[in-house]
Amino acid sequence: MSKVNLLDLDIISKLPKNKIKDMKLYPVFIDKDTLACVGSLNSEDLSYLKFLYNKEIILKECCFSDLNKIRDSILLNETVEKIEEIIIEKAINLQSSDIHFEPFQDSIKVRFRINGDLITFFKIRKDKYKEMLSRIKITGNMDMTEKRLPQDGKLKFDFNNKTYSIRVSTLPLVYGEKIVLRVLYKNHNYTIEGLNLEDSQRDNLTKIINSKRGIVLINGPTGSGKSSTLYTILESIKDTNTNITTIEDPVEVIIENINQISLDRKAGLDFSNGLRSILRQDPDILMVGEIRDEETAKIAVRAAITGHKVYTTIHTKSSKEVYYRLEEMGVEKYLIKDAIIGLVSQRLIKVLCNNCKVKEKVLFQNQELEVCNSKGCLKCNFTGSSGRKLISAVHYIDYFMTEEKLNNLSNKQMLEMVLSLLKKGEISLDVYEDFIKGEYII
Ligand SMILES: [Zn+2]
């Protein structure tokens, strides 16, 4: 948990703007007769703060990472006009996928999602946030006066000679509207190599891709990279002889030479009626962003049986569960078995930062094992990890599914991959154990 929460924004508003940039000692909160400060002790700042607040100064311990965050928050609240620009730039530099602005009673907390975790970076004052909210609503083409209903919008952001598309969503909370900004990065390199597959898995995927008909379901929890896998497959199969059409919620990445449709609920375009319209347009290959309702499940399965190739995602923990989920959605068992040609389960798993990882000996399954761990450094933003790796189980369903075959659709391939990553020192024992806890072989 970051100490940026300790920062009292009312106290820092007393600081003269021209002074802040040169300061090395920062006030964070007032406690009875004392003013708690963080930073490096120096006589100039000390006497200045003592004079300004008329309190005894006490120095609080603060790690380098927290000190940076406190300093950034002070500068942001007191010296910056358009705070969203600084915040979005910082998020892009850290390759954060989502920026959360969360209103609480006295201030707004800003957190970035980095490698799957939400990390606090700033704290901002309510008045600053209010101004920012209006600017974002205007540029995002949203209704500025609507404060009681959730809204969606889009904006463009120029930074480092690149233009980023940002999806905006607002949600009214008890202390005000929360904003989440999703940054869409175009620099993805969608290649099959990037999927980190074992040789046998790659062979299975090739067989799945080469099949002319059938449905392929990528499964896994939210944030396990399912859409990226779909984009990778589409990128690898697009050619001039086939009609590839997608329906997505919304289109996140533009792929040249294929037809992509974004859902538009306001206009009444959803997965099921969109899919029905696509089927009237002579498609060869369809991509449906996600199967989450009965209607879509039935149309997708029917399309696969009648000679189309359908790629989609479904929210289940394992490949075996896909069968049950589709059944729950009212699709007949024999149709499901006839339609499915490939199943891919996947997870994203945090890998250790190469800059700060160290070897350590641990007791693992009653044997001593050398593994790696990391405490964090400036390079990994003190998280100890430097990104995530995809791990998968790839099943090619080549004939009528028997009960026995069905029972073999476990996550065993994934468990083996994770164990090998632990032994190679790429992931920590904690990450390994968390993974095992969340999984079960069924
Ligand atoms: Zn590091």
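Right above here is the structure, for reference.
Just so you know, the residues in each chain are numbered from 1, in the order the chain's sequence is written. For a predicted model such as this one, the threshold for reporting local features is a pLDDT of at least 70, and the threshold for listing and counting side-chain atom pairs is 80 or more; totals across whole chains, interfaces and linings nevertheless cover every residue. Note: side-chain values were computed over all heavy atoms of the structure, leaving out hydrogens and water.

J.: Can you walk me through the side chain of His395 in this structure?
T.: Considering the arrangement of structural elements, one finds His395 in strand S18 (residues 385-396). Here His395 falls in the buried class, since its relative accessible area comes to 9%. The contact partners of His395, leaving out residues within four places of it in the chain, are Ile208, Ser319, Ile341, Gly342, Leu343, Asn408, Leu409, Ser410 and Gln413. Think of it this way: any DSSP run of H or I at least four residues long counts as a helix, any run of E at least two long counts as a strand, and we number them from the N terminus. Think of it in three bands: with a 1.4 Å probe and only protein chains considered, a residue is buried below 20% of the maximum accessible area for its type, exposed above 50%, and partly exposed in between. In what follows, a contact means two residues having at least one pair of non-hydrogen atoms within 4.5 Å.

J.: Just to check I follow, could you spell out the packing of aromatic side chains for this structure?
T.: Where two aromatic rings form a pair, the distance of their centres and the angle of their planes describe that pair. Pairing of aromatic rings covers Phe, Tyr and Trp, the last counted by its six-membered ring, and requires centre-to-centre distances within 6.5 Å; plane angles under 30 degrees mean stacked, over 60 mean edge-to-face, and any other angle means tilted. Per the counting criterion, the structure on display carries seven aromatic pairs. Here Phe364 and Tyr432 contribute two aromatic rings whose centre-to-centre distance is 5.4 Å and whose plane-to-plane angle is 70 degrees, an arrangement assigned as edge-to-face. Placement of Phe364 in strand S16 (residues 357-364) and of Tyr432 in helix H15 (residues 429-438) is noted, with a sequence separation of 68 residues between them. Taken together, the ring pairs in this structure connect Phe112, Phe121 and Phe122 into an aromatic cluster. Geometry around Tyr48 places Lys19 over its ring, the cationic atom sitting 4.6 Å from the centre. The criterion for a charge sitting over a ring is simple: Lys NZ or Arg CZ within 6 Å of the ring centre, and within 35 degrees of the ring normal. The ring centre of Phe121 lies 4.8 Å from the NZ or CZ of Lys69, which sits over that ring.

J.: Explain the coordination of the zinc ion here, please?
T.: With water excluded from the atoms, a metal site may look incomplete; its donors are any N, O or S atoms within 2.8 Å, or within 3.2 Å for Na, K and Ca. Distances from the zinc ion to its protein donors, namely Cys353 (SG), Cys356 (SG), Cys377 (SG) and Cys380 (SG), fall within the range 2.3 to 2.4 Å. Taken together, the four donor atoms surrounding the zinc ion define angles of 105 to 112 degrees at the centre, an arrangement classified as tetrahedral. Linear spacing of the donor residues for the zinc ion on their chain is C-x2-C-x20-C-x2-C. Of this pair, Cys353 sits in the loop between strand S15 (340-352) and S16 while Cys377 sits in the loop between strand S17 (367-374) and S18, and the two are 24 residues apart along the sequence. Overall, Cys377 belongs to the buried group, its relative accessible area being 12%. Angular criteria define each label, namely tetrahedral for four donors with all angles between 85 and 135 degrees, square planar for four and octahedral for six donors with opposite donors over 155 degrees apart and remaining angles between 65 and 115, and irregular for whatever fails these tests.

J.: Mind showing me how you'd approach the nonpolar core here?
T.: Burial of nonpolar side chains together is a common tendency in soluble globular proteins. Nonpolar cores were defined as sets of buried Ala, Val, Leu, Ile, Met, Phe, Trp, Tyr and Cys residues, with membership established by side-chain atoms within 4.5 Å. Counting residues in hydrophobic clusters, the biggest one holds 32 residues, and the most contacted among them are Ile87, Ile99, Phe101, Phe112, Ile124, Ile179 and Leu181. Listing elements by their share of this core, those giving two or more residues are helix H5 (83-93), strand S4 (98-103), strand S5 (108-114), strand S6 (117-124), helix H6 (126-139), strand S7 (151-159), strand S8 (162-173) and strand S9 (176-184). Of the residues forming this core, the biggest block, five residues, is contributed by H5. Apart from the residues within four sequence positions on either side, Ile87 is in contact with Leu76, Ile99, Phe101, Val110, Phe112, Phe122 and Ile124. Counting residues in hydrophobic clusters, the runner-up holds 30 residues, among them Phe271, Ile278, Val301 and Tyr323.

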